[in-house]
Amino acid sequence: MNIDKYEIVIGLEVHAELKTNTKIFCNCTTKFGGEPNTHVCPVCLGLPGVLPVLNKKVVDFAIIAGLALDCEIAEYSKFDRKNYYYPDLPKNFQTSQYDLPICLNGYLDINVDGETKRIGITRIHMEEDAGKLVHGGETISSSDFSLVDYNRTGVPLLEIVSEPDMRSPLEARAYLEQLKAVLEYTEVSDCKMQEGSLRCDANISIMPKGSSVFGTRTEIKNLNSFRALQRALEYEILRQAEVVEEGGTVIQETRTWDDAKGITLPLRSKEEAHDYRYFPEPDLLPLVISRDWVERIKKTLPELPQARKERLIKEYGLPEYDAGIITGSKALADYFASCVNIYPEAKTISNWLMGDLTRLLNAGEKEITDSPITPEMLVEMLQLLDKGTISGKIAKTVFEEMFETGKRAEEIVKEKGLVQISDQASLEKMVDEVIGANPKSVEDYRAGKEKAIGFLVGQVMKLSKGKANPGLVNTMLREKMK
Amino acid sequence: MDLYRLTIHELHEMLIKKEISSLELIKNVIDRIEETDPKIKAYVTVVKEQSLAKAQEADDLISRGENVGPLTGIPMALKDNMCTEGIPTTCSSQILKNFVPPYDATVTRRLSDEGAILLGKLNMDEFAMGSSTENSAFFHTRNPWNTDCVPGGSSGGVVAAVAADEAVFTLGSDTGGSIRQPASFCGVVGLKPTYGYVSRYGLIAFASSLDQIGPVTKDVTDCALVLNAIAGHDPKDSTSADVQVPDFTKYLTGDVEGMKIGIPKEYFAEGIQPEVKDAVMTAVQQFADLGAEVEEVSLPHTEYALPAYYIIAPAECSSNLARYDGVRYGHRTEESEDIVTMFKKTRYEGFGQEVKRRIMLGTYALSSGYYDAYYLKALKVRTLIKEDFDRAFEKYDVLISPASPSTAFKFGEKLNDPLAMYMSDTMTIPINLAGIPGISVPCGFAQGLPIGLQIMGKAFGEGNILKAAYAYEQVAGFYRQKPNLTGEE
Ligand SMILES: [Zn+2]
């Protein structure tokens, strides 16, 4: 099927849990985990008679995010009740913001294939998170029982709604990555997608290229990673195109992403959509945000990803590609900064971070903040490499060992006897052996075939189990074959 | 000695002079409850042991010569929608029949800090929805003046307990008249303070933007004393006003010379019982005799208050009562196959007719497509009503009207006619919509049933209301009359 004839229209709704110490309407801790129903009080349990009191920190954080995303901060904003029944919602309504959100009309610049694109941000609003359900069976309706944990209930959330400005799954992914970076840089959210502190719903439709009328959209829920977002959108585009190609029409509905099967499934149709019966929250006063308040917060805004990227290029001469990847995550950029502080070879560091470290982190499903290798440890290893104590090849082995055990490079080198052999006497025997065993290559070399030397060096390296100093071996071989 | 007949200020004098002990007083009132409550049925719960223990503590304080406040050692009771830690708080509903709050409402805490002693919890219309207390899921409370009549509602138990001398004072809640209308039916003093004056934290919500807690007492002096204790900012209630609270007793001067009193003509329209109108007009004349300047005034949007109220209050209630679903506390149905039937059956079994009616009204009014026509329009009406009052209070210190268009009616008389029942709150509802304070004080009798005079003031104008009420009470003297419950004399 040719999907090139369709224009793709994507908008994202992102929920970010805020990093405040306490919940949005009570003093309970927002700490992740904890025994079920231990981070709760009458207020967040919605017991009869309780009233919410707004945590001012939540407003601060919303203003920070709004400013970082170039939004207007509303002078007058209010909370509303979103009414629906679900057992993870203690009051059976969620206190949220409906028609007067705190932030409006912002944007975020993303970079795809070297091109910068501006994605509009419609609004940002504050709301409370719900609890967590654990079903006895597969779903709430097929289970004999479900258990509910209200620890997460009342953790503050920002909902960040984009304009339908993205035209490909790749752009959507880039937007989410860039948004995550902004929220991390401003320290508004942890953005841990596995823990659910950053969640994303996608609205997607297709229309014939050149059309100005959007097609019917579907909303996809349960997108818990960048990969899931991209795959789900790719799948959904094909599905919608197929429906259209077969002469059908796309139905407006909410769908859920099944990561294991790699497909989206219908969740509920437009007709089954809730009527949330929004109305102003009578237990909270409208929120009036003075311009002083906004100015005060503006002064505390940290460096944002785009600015940091430009700085890395200018200050350390990093290629734009490297700078983009390193600053894509605040933690990675901070890691880089710690390294470059004590070791001046910026590009070498960037190579290790983007290459081996990222590979090992991904394989171990770890965040950079949980890396067993600290910046100091990485730099120590690089210094061993510089001194010639270990070879580049050995360094990779040592690095993996460091990641696995958390031991320092020097310790591993000593334990495993990985020190590079750099004295001629020890290498002589091996060099002689290789020359003796490969008369054909020796002949080729002597006949002027430069390539043969590479093969011979490789043979010595193999014999030395990678410990031989390759430069020295090269010189010795040439000497002996003269 | 019949200590139960006395007021807070009388008992306080005796307590600090050590003429009586709190223990003696509590025992005396509990004896009274045991004697008369089987007939009146004001109490849902009585905490006898706890109150006796607390009385001992109060006596210790007094005997140590500590400087105690006027409520120390005084027995009181709370409407059963105010949370009391460790003591059932039911809202007179099946759905909360077994609910024991793990925390105290702010008013509960404040009264306890003042040394007042909780005797128990009082019957009400389920979730404060009703005007006769016939909507209690448990039993009917009877009017002490005529036990064939309702005590009014929703704070029926609250006023009956004071009228029957089963508590020295009580706290009620008032969303559309639930303190003032029953206070008028039972001949006691009942005040609905300015919205935001008394913390709602721990008051089980009916309609959040209208609910307000207030005192029910035997006289105006007691009303001022209780208001002193419960009014004031509470950081736990975002809608509670951060204002200075005066000592309200300083307004009890008896002097209303030059006070400007408005008589809103819309409150004397058709449908008002002639004896009620006469009693109120007699009271107005007495004010004039005391030197007040009395004038007729118009509050033109009054007739729209009732319909606006019956949109706004049910809308808020439909959301506030959504939490009673059987998941966390309260009643849960025995028969549920899945979550949806559990929600439905729990609520079907747990709520009474009137509560269901209002949840449906409110759900409808907030539904998409109806919101603008109903809820939004009702909010606009609310603003107009507020503006009516604002204009009136530019000119007048207080306004006077009946607290209810009639005296207490008989059981069953209006139970199957919701509209007739709703009409009994026409005098009180506009005050809630405007957020201003209003009091009901006894101003006469018709066929042996009390009549209530409503005095309204501007926001945080409780001082003027109490000043007028006190001056009137001293002249009229109706507060001294008591119902005869035991057949003596
Ligand atoms: Zn809490």
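So, how was this worked out
Residues numbered from 1 in each chain as written. Chains lettered and ligands numbered in written order. Predicted model: local features only at pLDDT ≥ 70, side-chain atom pairs only at ≥ 80, totals over all residues. Helix = DSSP H or I, 4+ residues; strand = E, 2+ residues; numbered from the N terminus. Buried ≥ 20, exposed ≤ 12 C-beta atoms within 10 Å, placed from the backbone. Contact = placed C-beta atoms within 7 Å. Rg over C-alpha atoms; globule rule 2.2 N^0.38 Å. Domains from an automatic or database assignment. Nonpolar A, V, L, I, M, F, W, Y, C, P; charged D, E, K, R; others polar. Pairing = 2+ DSSP bridges. Axes fitted to C-alpha atoms, helices over the stretch in contact; angles between N-to-C directions. Left-handed = near helix turned anticlockwise from the far one by under 90°. Expected span 1.5 Å × (residues − 1). Bend = angle between axes of the 7 residues up to and from the residue. Core = buried A, V, L, I, M, F, W, Y, C linked by C-beta atoms within 7 Å. pLDDT = per-residue confidence, 0-100. Parallel < 35°, antiparallel > 145°, perpendicular 65-115°, else oblique. Arc of directions from axis to C-beta.

A. Structural view of the overall build of chain A. Broken down by element type, chain A carries 15 helices and 16 strands. Taking the principal axes of the C-alpha coordinates as reference, chain A spans close to 90 × 55 × 50 Å. Going through the 482 residues of chain A one by one, you find that 39% of them count as buried. A separation of at least 24 residues holds for 68% of the contacts in chain A among residues at least 6 apart in sequence.

B. Molecular detail of the overall build of chain B. Tallying secondary structure elements over chain B gives 15 helices and 11 strands in all. Computed over its C-alpha atoms, the radius of gyration of chain B comes to 21 Å, within 12% of the 23 Å expected for a compact globule of 489 residues. Based on the C-alpha atoms only, the size of chain B along its principal axes is roughly 65 × 55 × 45 Å. Within chain B, the proportion of its 489 residues that are buried is 60%. When contacts within chain B are restricted to residue pairs at least 6 apart in sequence, long-range pairs at least 24 apart make up 76% of them.

C. Structural context of the domain arrangement of chain A. Looking at chain A, the domain boundaries give domain 1 (6-296), domain 2 (302-416) and domain 3 (424-480). For domain 1 of chain A and domain 3 of chain A, the distance between their C-alpha centres works out to 62 Å.

D. Local environment of the interface of chain B and chain A. Listed by partner, the interface residues are 36 residues for chain B and 27 residues for chain A. Those elements giving two or more residues to the side of chain B that touches chain A turn out to be helix H9 (305-320), helix H10 (339-350) and helix H11 (353-366) of chain B. No other element matches H9 of chain B, which puts three residues into the side of chain B that touches chain A. Taken together, the residues that form the side of chain B that touches chain A break down as 19 nonpolar, nine polar and eight charged.

E. Up close: the environment of Leu378 of chain A. Residues and elements named next belong to chain A. Structurally, the position occupied by Leu378 is in helix H9 (residues 375-387). On the basis of neighbour count, Leu378 is assigned to the buried category, with 25 C-beta atoms found within 10 Å. Taking the C-alpha atoms as reference, Leu378 lies 8.2 Å from Ala409; in sequence the two are 31 residues apart. For Leu378, the residues in contact, after removing those within four places along its chain, are Cys339, Trp352 and Ile373.

F. Structural view of the pairing of strand E9 (residues 398-402) of chain B. Residue and element names in this part refer to chain B. Across the five residues of E9, five count as buried, placing the element largely inside the fold. As defined by bridge partners, strand E7 (residues 260-264) adjoins E9 across two bridges and the pair is classed as parallel. Looking at the pairing, Gly262 lines up with Leu399 of E9. Sheet topology note: the E9/strand E11 (residues 449-457) ladder contains five bridges and is antiparallel. Note that in E11 the partner of Leu399 across the bridge is Met456.

G. Expanded view of the sheet that holds strand E2 (residues 75-79) of chain B. Residue and element names in this part refer to chain B. Pairing within the open sheet is mixed, and its 11 strands lie in the order E1-E3-E2-E4-E6-E5-E10-E11-E9-E7-E8. Edge strands, defined here as strands with exactly one partner in the open sheet, are strand E1 (43-46) and strand E8 (293-297). Direction aside, the axes of adjacent strands within the sheet are offset by 30 degrees on average.

H. Spatial organisation of the packing of helix H13 (residues 439-446) of chain A against helix H14 (residues 451-463) of chain A. Residues and elements named next belong to chain A. It is at 8 Å that the axes of H13 and H14 come closest, and there the two elements cross at 145 degrees. For H13 against H14, the interelement crossing comes out left-handed. Packed against H13, whose contacting residues are Ser441, Asp444 and Tyr445, the element H14 presents Ala452, Ile453, Phe455 and Leu456 at the interface. Looking at the contact of H13 with H14 residue by residue, the class counts come to five nonpolar, one polar and one charged.

I. Local environment of helix H8 (residues 346-363) of chain A. All names here are of chain A. Taking 1.5 Å per residue, 18 residues should reach 26 Å; H8 reaches 25 Å between its end C-alpha atoms and fits that length. The sharpest bend along H8 measures roughly 35 degrees and falls at Leu357. Of the residues making up H8, those classed as buried are Ile349, Ser350, Trp352, Leu353 and Leu357. Check the buried side of H8 and you find it contacts helix H6 (320-327), helix H7 (330-342) and H9. With its phi angle positive at about 50 degrees, Glu365 sits one or two positions after the end of H8.

J. Here's a closer look at the nonpolar core. Ranked by size, the top nonpolar core spans 216 residues in total, and within it Ala62 and Ala202 of chain A together with Met76 of chain B carry the most contacts. With residues up to four places along the chain from it excluded, the contact list for Ala202 of chain A reads Ile10, Leu12, Ala172, Ile220, Leu223, Leu229, Ala232 and Leu233 of chain A. Core analysis: the next-biggest nonpolar cluster, separate from the first, contains 31 residues, Leu312, Phe336, Ile394 and Ala409 of chain A among them.

K. Geometry of the sheet that holds strand E12 (residues 218-223) of chain A. Strand order in the open sheet formed by nine strands is E2-E6-E7-E10-E1-E11-E12-E13-E14 (chain A), and the pairing between neighbours is mixed. Each edge of the open sheet is held by one strand with a lone partner, namely strand E2 (72-73) and strand E14 (263-269) of chain A.

L. Expanded view of the confidence of the model for chain B. In the predicted model, chain B carries a mean pLDDT of 96, and 99% of its residues have values of at least 70. Across the interface, the model reports ipTM at 0.96; the global pTM reads 0.88.

M. Fine view of the packing of H9 of chain B against helix H12 (residues 372-395) of chain B. All names here are of chain B. Where H9 meets H12, the axes come as close as 9 Å, and the angle between the chain directions of the two elements is 125 degrees. Judged by the inter-axis angle, H9 sits oblique to H12. In the crossing of H9 with H12, the sense of the turn from one axis to the other is left-handed. Within the contact between the two elements, H9 uses Ala305, Ala308, Ile311, Ile312 and Ala315 and H12 uses Tyr374, Tyr375, Ala378, Val381, Arg382 and Ile385. Its residues assigned to classes, the contact of H9 with H12 shows 10 nonpolar, no polar and one charged.

N. Summary view of the pairing of strand E11 (residues 198-208) of chain A. All names here are of chain A. Direction of pairing for strand E1 (residues 6-17) relative to E11: antiparallel, over a ladder of 11 bridges. By the bridge assignment, Ile8 is partnered in E11 with Ile206. As judged from the four bridges shared by E11 and E12, these two strands associate in the antiparallel manner. Counted as the bridge partner of Asn203 is Glu219 from E12.

O. Structural context of helix H5 (residues 305-316) of chain A. All names here are of chain A. Here H5 spans 16 Å end to end across 12 residues, near enough to the 16 Å set by a 1.5 Å rise per residue. Within H5 the residues assigned to the buried category are Pro305, Arg308, Lys309 and Leu312. With its buried residues spanning 105 degrees around the axis, H5 presents them on a single face. For H5, the exposed residues set more than 90 degrees away from the buried face come down to Ala307, Lys314 and Glu315. The first or second residue beyond H5 is Gly317, which carries a positive phi of 65 degrees.

P. Main features of unusual backbone geometry. With an omega of 5 degrees, the peptide bond between Gly153 of chain B and Ser154 of chain B qualifies as cis. Mapped onto the fold, Ser154 of chain B is located in the loop between strand E3 (117-122) and helix H5 (156-163). The phi dihedral of Asn105 of chain A falls on the positive side, at around 55 degrees, and the residue is not glycine. Mapped onto the secondary structure, Asn105 of chain A falls in strand E6 (residues 103-112). With 14 C-beta atoms counted inside 10 Å, the residue Asn105 of chain A sits in the partly exposed group. With a phi angle near 45 degrees, Arg277 of chain A is a residue other than glycine that sits in the positive phi range. Arg277 of chain A sits in the buried class, given 25 other C-beta atoms within 10 Å.

Q. Broad picture of the environment of Leu203 of chain B. Within the secondary structure layout, Leu203 of chain B lies in the loop between strand E5 (189-192) and strand E6 (212-217). For Leu203 of chain B, a count of 29 C-beta atoms within 10 Å corresponds to the buried category. Through-space distance from the C-alpha of Leu203 of chain B to that of Leu118 of chain B is 16 Å; in sequence the pair is 85 residues apart. When near neighbours in sequence (up to four residues on either side) are disregarded, Leu203 of chain B contacts Gly49 of chain A together with Asn81, Met82, Ala105, Ser173, Asp211 and Ile213 of chain B.

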